[in-house]
Amino acid sequence: MIIQRVVLNSRPGKNGVPVAENFRLEQSTIPDTVQEGQVRVRTLYLSVDPYMRCRMNEDTGSDYLLPWQLSEVADGGGIGVVEESKHNNFAKGDIVTSFNWPWQTVAILDGSLLQKVVPQLVNGRLSYFLGAAGLTGLTALLGIREKGHVTVGANQTMVVSGAAGACGSLAGQIGHLDGCSKVVGIAGTDEKCSILVSEMGFDAAINYKKGNVAQQLRELCPGGVDVYFDNVGGEISDTVISQMNQNSHIILCGQISQYNKDVPYPPPLPPDTEKYRKKETSQERFLVLNYMDKQEASVLQLCQWIQEGKLKVRETVVEGLENIGAAFQSMMNGGNIGKQIVLVSK
Ligand SMILES: NC(=O)c1ccc[n+]([C@@H]2O[C@H](COP(=O)([O-])OP(=O)(O)OC[C@H]3O[C@@H](n4cnc5c(N)ncnc54)[C@H](OP(=O)(O)O)[C@@H]3O)[C@@H](O)[C@H]2O)c1
């Protein structure tokens, strides 16, 4: 069977900025027959995520991420429909997802790689299983619950960097839902800041590309910061950390501002920031994949909030597998508010 697929065309280099041309669309073939234990799936949606930047390097710098190989098909979060199954758990028409979905139109996959999803949980919005009801939502929810120490009634102030991104926009809302009394976001455009406040219930948002972040933060959080959901690292994080209270908590989710740099993960805090960080401020690395035993219950929680309208979801859907490189490039440059998704087929 003839299919389309997207392979890694070139590496940006450890300190390079990734571009769409790092990927290449090509025609390929898959076997006409499905073997025992396998499933043939048609791809519906694919996710583009910041961690993929590390997979573009020859050495990902991480023990849980494998590098993509040149001229080989890329992979990541995906969702699709079963067209033929020789695996007991799946039947034709099932909707299935995987963290290692190949970037191709149709694929034959080992059934053990797949999880079945229930479309009714997200009112048929299947792309949500790659975002708010998938790994992104789990990262926001479990990051807060495992590392945030949010306590109802404790009058805590949370700050979220990368607040308009897929994780950040959910993390701020979940901060409120779990009991923070104030949530302040940091994002890169006035439009994103305005949506965070008007639509997603953030109490305030700071455009880090305008004005003095430290001063605005001091004005917006006069009682200091208790919980910091850190998506970006770098200067923004240094500023937030210097205003954190005693017994506060940093959720070390990601460091997107450092991904095009050849630095270890997580990068050490500069000496000045380390000096400001209170001894009692916890800063523990968080990796969602370490909490998959909580996946099922957490997805149900996220879906319930989505259905109740308590969790607002924004996504940008780019049409066509051929545009996945451009979607990745755009996402790494800030993209639109919320999750960036690629529609491969309907
Ligand atoms: N720990 C885990 O298990 C786990 C799981 C998933 C994701 N993550 C991490 O979580 C973070 C967010 O992921 P995501 O899926 O939400 O990504 P995303 O949707 O691309 O959002 C990232 C946000 O960060 C902002 N940003 C980009 N470059 C920046 C820079 N240099 N300085 C400041 N802000 C910048 C972007 O917009 P603006 O600049 O316009 O604000 C964007 O809204 C990433 O670091 C990712 O690696 C961690």
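Numbering of residues starts from 1 in every chain and runs along the sequence as written. The predicted origin of the model limits local features to residues at a pLDDT of at least 70 and limits the giving and counting of side-chain atom pairs to 80 or more, whereas totals for whole chains, interfaces and linings rest on all residues. The basis for the side-chain values is all heavy atoms of the structure; hydrogens and waters are excluded.

The helix and strand labels rest on DSSP assignments: H or I over at least four residues marks a helix, E over at least two residues marks a strand, and numbering proceeds from the N terminus. A tally of regular secondary structure across the protein gives nine helices and 15 strands. Computed over the C-alpha atoms, the radius of gyration of the protein is 20 Å, within 12% of the 20 Å expected from 2.2 N^0.38 for a compact globule of 346 residues. C-alpha extents for the protein along the principal axes are approximately 65 × 45 × 35 Å. Taking contacts inside the protein between residues at least 6 apart in sequence as the whole, the part at least 24 apart equals 69%. In short, Shrake-Rupley with a 1.4 Å probe defines the accessible areas, and a residue's cover is counted only from the protein chains shown. When the accessible surface of the protein is split by element, carbon and sulfur atoms take 48% of a total near 15,300 Å². With the radius of gyration taken over C-alpha atoms, the globule rule is written as 2.2 Å times the number of residues to the power 0.38. In this description, contact between two residues means that some pair of their heavy atoms is separated by no more than 4.5 Å.

Our focus in this paragraph is the site of the ligand. Distances are taken per atom, and a residue is near a molecule or strand as soon as one of its heavy atoms is within 4 Å of it. In the vicinity of the ligand lie 26 residues, with C167, K192, Y208, Y259 and F286 positioned nearest. Think of a polar contact as two N or O atoms within 3.5 Å of one another; within protein, one of them needs to be a possible hydrogen donor and the other a possible acceptor, and neighboring residues in sequence only count if both atoms come from side chains. A distance of 2.5 Å separates an oxygen atom of the ligand from a polar side-chain atom of Y208. Measuring from an oxygen atom of the ligand, one finds a backbone N or O atom of V288 at 2.8 Å. Summarising the interface, the protein chains cover 88% of the accessible area of the ligand, which totals 910 Å² for the free molecule. In the scheme used here, Gly and all other residues not listed as nonpolar or charged are polar, with Ala, Val, Leu, Ile, Met, Phe, Trp, Tyr, Cys and Pro taken as nonpolar and Asp, Glu, Lys and Arg as charged. Its residues assigned to classes, the shell around the ligand shows 15 nonpolar, 10 polar and one charged.

What follows concerns a nonpolar patch on the surface. Residues Y64, F99 and L289 make up a contiguous nonpolar surface patch of roughly 250 Å² in combined accessible area. The rule is simple: take the accessible area with a 1.4 Å probe, protein chains only, and divide by the maximum for that residue type; under 20% is buried, over 50% is exposed, in between is partly exposed. Take Y64: its relative accessible area is 36%, and that puts it in the partly exposed class. What goes into a patch is any residue over 30% in relative accessible area without a salt bridge, connected to like charges within 9 Å or, for nonpolar side chains (Val, Leu, Ile, Met, Phe, Trp, Tyr), within 5 Å. The salt bridge definition used is simple: a Lys or Arg side-chain nitrogen within 4 Å of an Asp or Glu carboxyl oxygen.

Looking now at the environment of H249. Along the polypeptide, H249 turns up in strand 12 (residues 244-252). When the C-alpha atoms of H249 and I144 are compared, they prove to be 9.8 Å apart, with 105 residues separating the residues in sequence. For H249, the contacting residues outside a window of four places in its chain are K147, G148, H149, D226, V227, Y228, M244, T281 and S282. One polar contact links the side chain of H249 to the main-chain carbonyl oxygen of N247, over a distance of 3.5 Å. Here S282 takes part through its side chain, which lies 2.7 Å from a polar atom of the side chain of H249.

Our focus in this paragraph is the sheet that holds strand 8 (residues 157-161). Read from one edge to the other, the open sheet built from six strands follows the order 10-9-8-11-12-13, with strand pairing classed as parallel. Either end of the sheet is taken by a strand with one partner, and the two such strands are strand 10 (204-207) and strand 13 (282-285). Neighbouring strand axes in the sheet, compared pairwise and without regard to direction, differ in orientation by 15° on average. Think of it this way: DSSP has to see at least two bridges between two strands before they count as a pair. With four bridges connecting them, strand 12 and strand 13 associate as parallel partners. Considered in strand 13, the bridge of L252 is made with R285. Note on geometry: axes are C-alpha line fits, over the in-contact stretch for helices, and angles between N-to-C directions span 0 to 180 degrees. Its contacts with the sheet place helix 5 (residues 213-220) against strand 8, strand 9 (182-187) and strand 10, and it is angled at close to 170° to strand 10. Contacting strand 8, strand 9, strand 11 (225-230), strand 12 and strand 13, helix 6 (residues 234-241) crosses the sheet at an angle of about 165° to strand 11.

Burial analysis of strand 1 (residues 2-8) places five of its seven residues in the buried class, the great majority of the element. Both strand 1 and strand 2 (residues 23-29) contribute to a ladder of seven bridges, which runs antiparallel. Bridged to Q4 within strand 2 is Q27.

This part is about unusual backbone geometry. In the segment running from Y265 into P266, the intervening peptide bond is cis, with an omega of -10°. With respect to the secondary-structure elements, P266 resides in the loop between strand 12 and helix 7 (271-276). Positive phi outside glycine occurs at S71, with the angle close to 65°. Following the sequence through the fold, S71 ends up in the loop between helix 1 (52-55) and strand 4 (75-85). Note on S71: relative accessible area 37%, which makes it partly exposed.

Below, the discussion takes up the pairing of strand 14 (residues 315-319). As defined by bridge partners, strand 14 adjoins strand 15 (residues 339-343) across five bridges and the pair is classed as parallel. Its bridge partner being in strand 15, T316 is matched across the sheet by Q340. Orienting the strands away from the viewer, one traces the path from the first strand over the helix to the second; a clockwise path indicates a right-handed crossover. Handedness of the crossover is the feature at issue here: the chain leaves strand 14, passes through helix 9 (residues 324-332), returns alongside strand 15, and the resulting connection is right-handed.

Let us now look at the domain arrangement of the protein. The domain boundaries here were taken from an automatic or database domain assignment. According to the domain assignment, the protein consists of domain 1 (2-131 + 314-343) and domain 2 (135-289). Distance between the C-alpha centres of domain 1 and domain 2: 29 Å. Values labelled buried area give the accessible surface lost by two parts on being combined, using a 1.4 Å probe and summing over both. When the two sides are added together, the surface that domain 1 and domain 2 hide from each other amounts to roughly 1,700 Å², 58% of it contributed by carbon and sulfur. When the buried area of domain 1 at its contact with domain 2 is split by residue, Y64, R314 and I337 rank highest and sum to 33% of it.

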